Amino acid sequence: MRILVIGSGGREHALAWKIKQSKLCDKLFCAPGNGGIEQIAECIDIKADDVAGLLDFARKEKIDLTVVGPEKALALGIVDEFTKAGLKIFGPNKKAANLEASKVFSKELMAKYNVPTAKFKIFDSPDAAKKYIEENGAPCVVKADGLAAGKGVVVAKTVDEAKTAVTSMMQDKIFGDAAKKIIIEDCLIGQEASILVITDSKAVLALASAQDHKRIFDDDRGANTGGMGAYSPAPIVTDLILKEVMDKIIFRTIDGLAKEGIDYRGVLYAGVMLTKDGPQALEFNVRFGDPETQAILPRLKSDLIEVMLAAGAGKLSKIGALEWDSRACVCVVCAAGGYPGNYAKGKVISGLEEAESIKDVVVFHAGTELRTINDVGQRQEREYLTSGGRVLGVTGLGATIKEAINKTYQAVDKIKFEGMQYRKDIGKKAVS
Ligand code: AMP
Ligand code: GLY
């Protein structure tokens with residue numbers, strides 16, 4: 001099969017890496033890809049949200065299956081467009097993608113179908129929102145309705161902080177139209193876990209559990225980021241908790257969507273808070289998580305393409321359970337200095353080969369590009385440069401989580417670029 005992966009991050013490198021191992025994959029493309037992906041796929045210079053350009057490419061190149069990484073293209077309806085053109089694509093259609101693209105849609109669906117989630121209220125006026133905050137008090141959480149590149153949520157400790165968030169979202173319009181409506185919800189307390197499933201809207205296959213590390217600094221301090229590391233499995237997600245998440249969050253949501261006439265096919269990612277009153281849904285994503293995917297896929301033994309094809313065809317029940325490597329996997333993100341604020345690009349990365357020579361270590365690239373330094377003579381010399389905030393996802397497998405942590409940090413030690421920062425405590429929660 002000729003397969004196209006859409007996206008350019010660490011998640012997409014992990015997807016491409018796993019897909020490349022499938023016996024069904026003859027030729028792999030990635031749009032636009034990155035320096036690491038370039039080593040295993042043909043990278044095409046088309047942006048991940050250029051639906052028309054991607055459709056044109058898939059038609060011309062006779063792509064047999066397209067796998068979508070980021071949410072933007074899904075929210076724009078890429079699945080509807082490809083399906084209309086008779087092309088196979090893995091991911092939910094535009095209506096289903098609303099589960100991530102509109103938090104109002106998502107919370108209303110949860111309320112209607114009795115999915116446990118924080119108590120909330122929807123506002124389209126800043127004054128009413130602020131009045132509610134004053135009456136309801138802090139802490140509370142302010143959320144922009146639409147997509148805001150992962151920055152649309154403010155967990156406010158004080159009433160003032162919450163009101164300031166309302167002002168910047170609704171009056172200063174920092175997220176444009178994405179905050180025409182906002183949600184104010186109660187603050188939940190507990191540990192977070194990511195539960196990802198693949199579904200064809202009838203059958204559901206759970207992926208291994210994972211935990212993300214959203215804050216920039218150790219011990220969950222500092223600013224929120226796209227994710228500084230992950231591990232799988234998450235021991236906090238016991239079989240009992242997983243069953244509760246599946247019954248009360250995943251199945252109720254998928255069945256609720258079906259009752260609304262929405263057929264959900266693809267990955268469904270539930271961000272859950274494990275509270276003392278049981279698991280509560282924080283949010284849904286309609287795609288694989290980043291960096292959870294980097295920690296989950298190295299443990300997956302089943303052929304991912306077979307599973308994706310079955311989900312797209314509505315035949316997921318024909319696939320038995322997914323097979324997993326019992327070992328633990330840890331992914332440590334190496335980020336550029338200054339991230340998640342301003343950061344420099346174009347720094348030379350060294351030590352990648354040495355890191356990857358360690359058994360059971362793989363380095364997924366997120367923000368890198370390959371530069372040719374010497375094109376003359378017989379040997380082409382190339383080097384990797386940083387090109388984004390999250391640069392690499394160094395990933396290692398180990399018999400225990402402790403072993404996986406040690407191995408991964410051993411590999412991280414080999415890698416250097418100017419300004420490199422990473423968390424030293426990825427996986428620590430799983431050990432204690
Ligand atoms: P979301 O995009 O809705 O997942 O929000 C991003 C992050 O904000 C989550 O991963 C949580 O850390 C935090 N968060 C969201 N909603 C709540 C809530 N109701 N209570 C506490 N923290 C929350
Ligand atoms: N790891 C968080 C996300 O993918 O949204």
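One can find the structure itself at the top, above this paragraph.
Residues numbered from 1 in each chain as written. Chains lettered and ligands numbered in written order. Predicted model: local features only at pLDDT ≥ 70, side-chain atom pairs only at ≥ 80, totals over all residues. Heavy atoms only, no water.

On to the layout of surface pockets, then. Its volume calculated, the second largest pocket comes out at about 480 Å³. Contributions of two or more residues to the lining of the second largest pocket are made by helix H1 (10-20), helix H12 (352-356), strand S19 (361-365) and strand S21 (381-386). Taken together, the residues of the lining of the second largest pocket sort by class into nine nonpolar, six polar and five charged. (1 Å grid on protein atoms, 1.4 Å probe; cavity = no way out; pocket = protein on both sides within 12 Å on 5 of 7 lines; lining within 4 Å. Points joined across faces, edges and corners; volume = space filled by probe spheres on them. Helix = DSSP H or I, 4+ residues; strand = E, 2+ residues; numbered from the N terminus. Nonpolar A, V, L, I, M, F, W, Y, C, P; charged D, E, K, R; others polar.)

Our focus in this paragraph is the packing of aromatic side chains. On inspection of all chains with the given rule, the structure shows six aromatic pairs. Note on phenylalanine 90 and phenylalanine 288: the rings are 6.5 Å apart at their centroids and 35° apart in plane angle, and the pair reads as tilted. Of this pair, phenylalanine 90 sits in strand S5 (residues 89-90) while phenylalanine 288 sits in the loop between strand S17 (278-285) and helix H10 (292-296), and the two are 198 residues apart along the sequence. Consider the rings of tyrosine 409 and tyrosine 422, whose centres lie 6.2 Å apart with planes at 40°: the pair is tilted. Remark: tyrosine 422 occurs in the loop between helix H13 (401-414) and helix H14 (428-431) and tyrosine 409 occurs in helix H13; sequence separation between them is 13 residues. We classify tyrosine 409 as buried; its relative accessible area is 14%. We note lysine 27 situated over the ring of phenylalanine 29; from NZ or CZ to the ring centre the distance is 5.1 Å. Directly above the ring of tyrosine 422 sits lysine 424, whose terminal nitrogen or CZ lies 4.3 Å from the centroid. (Phe/Tyr/Trp six-rings, centres within 6.5 Å; stacked < 30°, edge-to-face > 60°. Buried < 20%, exposed > 50% of the residue type's maximum accessible area, 1.4 Å probe, protein only. Lys NZ or Arg CZ within 6 Å of the ring centre and 35° of its normal.)

All right, on to the site of ligand 2 then. Taken together, Asp212, Tyr269, Asn285, Arg287, Gly289, Asp290 and Glu292 make up all the residues around ligand 2. The contact in question runs from an oxygen atom of ligand 2 to an N or O atom on the side chain of arginine 287, over 2.8 Å. One nitrogen or oxygen atom from the side chain of glutamate 292 is found 2.8 Å from a nitrogen atom belonging to ligand 2. Considering ligand 2 on its own, with 200 Å² of exposed area, one finds that the protein chains cover 89% of that surface. The residue makeup of the shell around ligand 2, split by class, is one nonpolar, two polar and four charged. (Near = heavy atom within 4 Å. Polar contact = N/O pair within 3.5 Å; in protein donor to acceptor, adjacent residues only side chain to side chain. Areas by Shrake-Rupley, 256 points an atom, 1.4 Å probe, with all protein chains shown as cover.)

A separate point is the site of ligand 1. Around ligand 1 lies a shell of 15 residues, among which Glu185, Leu188, Glu192, Lys214 and Glu283 are the nearest. Within the side chain of lysine 143, one N or O atom sits 3.0 Å away from an oxygen atom of ligand 1. Here an oxygen atom of ligand 1 and a side-chain polar atom of glutamate 283 are 2.9 Å apart. Relative to its unbound accessible surface of 470 Å², ligand 1 loses 88% to contact with the protein. Put simply, the parts of the chain that give the shell around ligand 1 at least two residues each are strand S7 (140-144), strand S8 (153-156), strand S9 (182-186) and S17. Residue composition of the shell around ligand 1, grouped by class: eight nonpolar, no polar and seven charged.

Moving on: the packing of helix H5 (residues 94-101) against helix H6 (residues 103-112). Packing of H5 against H6 brings their axes to within 6 Å, and their N-to-C directions diverge by 95°. Accordingly, the angle class assigned to the pair H5 and H6 is roughly perpendicular. Contact residues: H5 offers Lys95, Asn98, Leu99 and Ala101, while H6 offers Lys103, Phe105, Ser106 and Leu109. Looking at side-chain class alone, the contact of H5 with H6 contains four nonpolar, two polar and two charged residues. (Axes fitted to C-alpha atoms, helices over the stretch in contact; angles between N-to-C directions. Parallel < 35°, antiparallel > 145°, perpendicular 65-115°, else oblique. Contact = heavy atoms within 4.5 Å.)

This next bit is on the sheet that holds strand S1 (residues 2-7). One open sheet holds the five strands; their spatial order is S3-S2-S1-S4-S5, and the pairing between them is parallel. The outermost strands of the open sheet, each flanked by one partner alone, are strand S3 (42-43) and S5. By the bridge criterion, four bridges tie S1 to strand S4 (residues 65-68) in an arrangement that is parallel. The partner of leucine 4 across the bridge, within S4, is threonine 66. Strand contacts of H1: S1, strand S2 (27-32) and S4, with the helix running at about 170° to S1, the strand carrying the most contacts. Helix H11 (residues 304-312) rests against S1, S4 and S5 of the sheet, and its axis sits at about 95° to S4. (Pairing = 2+ DSSP bridges.)

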